[in-house]
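# Geometric and topological summary
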Amino acid sequence: MIRDITIGQYYPQHSPIHKIDARVKILITFLFIITLFFVNTFTGYAFVIVCLTAVIRASKVPLKFMLKGIKGIFIIIVFTAFINVFMTKGEHTLFQWGVFTVTLEGILLAIKMCVRLILLIIGSSLLTLTTTPIQLTDGMEYLLRPFKKIGVPAHEIAMMMTIALRFIPTLLDETDKIMKAQQARGADFDTGNLIQRAKSLIPILVPLFISAFRRADELAMAMEARCYHGDENRTRMNVMVLKTSDYRTIILLVIYCAAIFLLRFAAAQFSFIW
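Just so it is clear, the structure is predicted and the values come from calculations on it, not from any experiment.

### Quick look at the overall build of the protein chain
The secondary structure content of the protein chain amounts to 11 helices and two strands. Each of the 274 residues in the protein chain was classed as buried or not, and the buried ones make up 32%. Sequence separation of at least 24 residues holds for 76% of the intrachain contacts in the protein chain that already meet a minimum separation of 6. Looking at the protein chain as shown, the accessible area adds up to about 17500 Å², and 70% of this sits on carbon and sulfur atoms.

Put into structure tokens, the structure is as follows:
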């Protein structure tokens, strides 16, 4: 389960998606997340799935590898479906038992919420899978640069976010090793009630925190040894410049956003729930 989490990993490939400017990909991901909350019909979700599938095929990242990230949030998806099915009131009652009532509107809303959550995870993972940590840092810094005029430390924020993303796979791998080592010593993480399971995680959390602090200290010493002083007098070997393919991607993004808003407008005008 730990190794199934794909957020923060980079999948090297020679694809058109990998070659897109990091700033454009960050902007696309941000707008993609926003547009997901504007979609409220199955037709809209079908359109988003088609577009996302086309991008995944163009990125040459195996679909099985991306779907591995869904396993890590399976419990959250099930809990979301349960809440929406039993807590949503509607006109068409399908089943009722005590205080639990299942309606057609609740089932439809549960499906939509689960699909939205899955698309959110896959779309966000695609950013880190096709962008190196250095490109992410530079892209975030460029996008946050206008806020430096009001005192926002753009470089430091971009560096912290990128380091956090970069070390997600490392900490997950460390957690997996610690769990296997503790299980080899007779530790049991699967039996007992909720409190007992929580207590059984202490032998994992303590060495994990120690390892995380040790890695942070080593990283700080390595940055100081290389005379790192933030954005002060910093130059870049690769200057980020938008290419023709990036402008084409931006045009496609505008078309995608326009299509999402048109579908939302049509659903509102014609009371279209599908």
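### Observations regarding the packing of helix α5 (residues 74–87) against helix α6 (residues 104–129)
Between α5 and α6, the shortest axis-to-axis distance is 8 Å and the interhelical angle comes to 155°. Accordingly, the angle class assigned to the pair α5 and α6 is roughly antiparallel. The interaxial crossing formed by α5 with α6 has right-handed handedness. Only G106, I107, L109, A110, M113, C114, L117 and I118 of α6 make contact with α5, whose side of the interface consists of I76, I77, T80, A81, N84 and V85.

### Notes on the pattern of salt bridges
Counted according to the given criterion, the structure contains four salt bridges. Residue K177 is joined to D173 by a salt bridge in which the shortest nitrogen-to-oxygen separation is 3.5 Å. Residue K177 and its partner D173 are both found in helix α8 (residues 154–184); the two are separated by four residues, about one turn of the helix. A salt bridge links D176 to K180, with the shortest nitrogen-to-oxygen separation between them at 3.4 Å. In this pair, D176 and K180 are both assigned in helix α8, four residues apart and thus about one turn of the helix distant.

### Remarks on the packing of aromatic side chains
Enumeration according to the criterion identifies two aromatic pairs in this entry. Measuring from ring centre to ring centre gives 4.9 Å for F38 and F261, while their planes differ by 65°; the resulting arrangement is edge-to-face. Residue F38 is located in the loop between α2 (22–36) and α3 (42–59), and its partner F261 is located in helix α11 (residues 244–270); the two are separated by 223 residues in the primary sequence. Taking the relative accessible area as the measure of exposure, F261 reaches 41% and is therefore partly exposed. Ring geometry for F47 against Y256: centres 5.9 Å apart, planes inclined by 15°, an arrangement best described as stacked. Residue F47 is found in helix α3, and its partner Y256 is found in helix α11; the two are separated by 209 residues along the sequence. Taking the relative accessible area as the measure of exposure, F47 reaches 27% and is therefore partly exposed. A residue is classified by how much of its surface remains accessible, and Y256, at 11% relative accessible area, is buried. Here the guanidinium or amino end of R23 rests over the ring plane of Y142, the centre of that ring lying 4.9 Å away. When the ring centre of F42 is taken as origin, the NZ or CZ atom of K112, which lies over that ring, is 5.3 Å away.

### A closer look at unusual backbone geometry
The phi torsion at K60 lies on the positive side, around 65°, for a residue other than glycine. Here K60 lies in the loop between α3 and α4 (63–71). For K60, a relative accessible area of 45% corresponds to the partly exposed category.

### Looking at a nonpolar patch on the surface
Residues F79, F82, I83, M87, L94, F95, W97, F100, L104, I107 and I111 make up a contiguous nonpolar surface patch of roughly 1100 Å² in combined accessible area. Residue assignment for the nonpolar patch shows that the elements contributing at least two residues are α5, β1 (93–97) and α6. Per-element accounting of the nonpolar patch gives the leading share, four residues, to α5. Considering the arrangement of structural elements, one finds L94 in strand β1.

### Focus: the environment of M159
Among the secondary structure elements, M159 is positioned in helix α8. Separated by 18 residues in the primary sequence, M159 and E141 place their C-alpha atoms 8.2 Å from one another. Residues contacting M159, with those up to four places away along its chain left out, are T137 and Y228.

Rules used in this analysis
- Residues numbered from 1 in each chain as written.
- Predicted model: local features only at pLDDT ≥ 70, side-chain atom pairs only at ≥ 80, totals over all residues.
- Heavy atoms only, no water.
- Helix = DSSP H or I, 4+ residues; strand = E, 2+ residues; numbered from the N terminus.
- Buried < 20%, exposed > 50% of the residue type's maximum accessible area, 1.4 Å probe, protein only.
- Contact = heavy atoms within 4.5 Å.
- Areas by Shrake-Rupley, 256 points an atom, 1.4 Å probe, with all protein chains shown as cover.
- Axes fitted to C-alpha atoms, helices over the stretch in contact; angles between N-to-C directions.
- Parallel < 35°, antiparallel > 145°, perpendicular 65-115°, else oblique.
- Left-handed = near helix turned anticlockwise from the far one by under 90°.
- Salt bridge = Lys/Arg side-chain N within 4 Å of Asp/Glu carboxyl O.
- Phe/Tyr/Trp six-rings, centres within 6.5 Å; stacked < 30°, edge-to-face > 60°.
- Lys NZ or Arg CZ within 6 Å of the ring centre and 35° of its normal.
- Patch = residues over 30% accessible without salt bridge, like charges linked within 9 Å, V, L, I, M, F, W, Y side chains within 5 Å.

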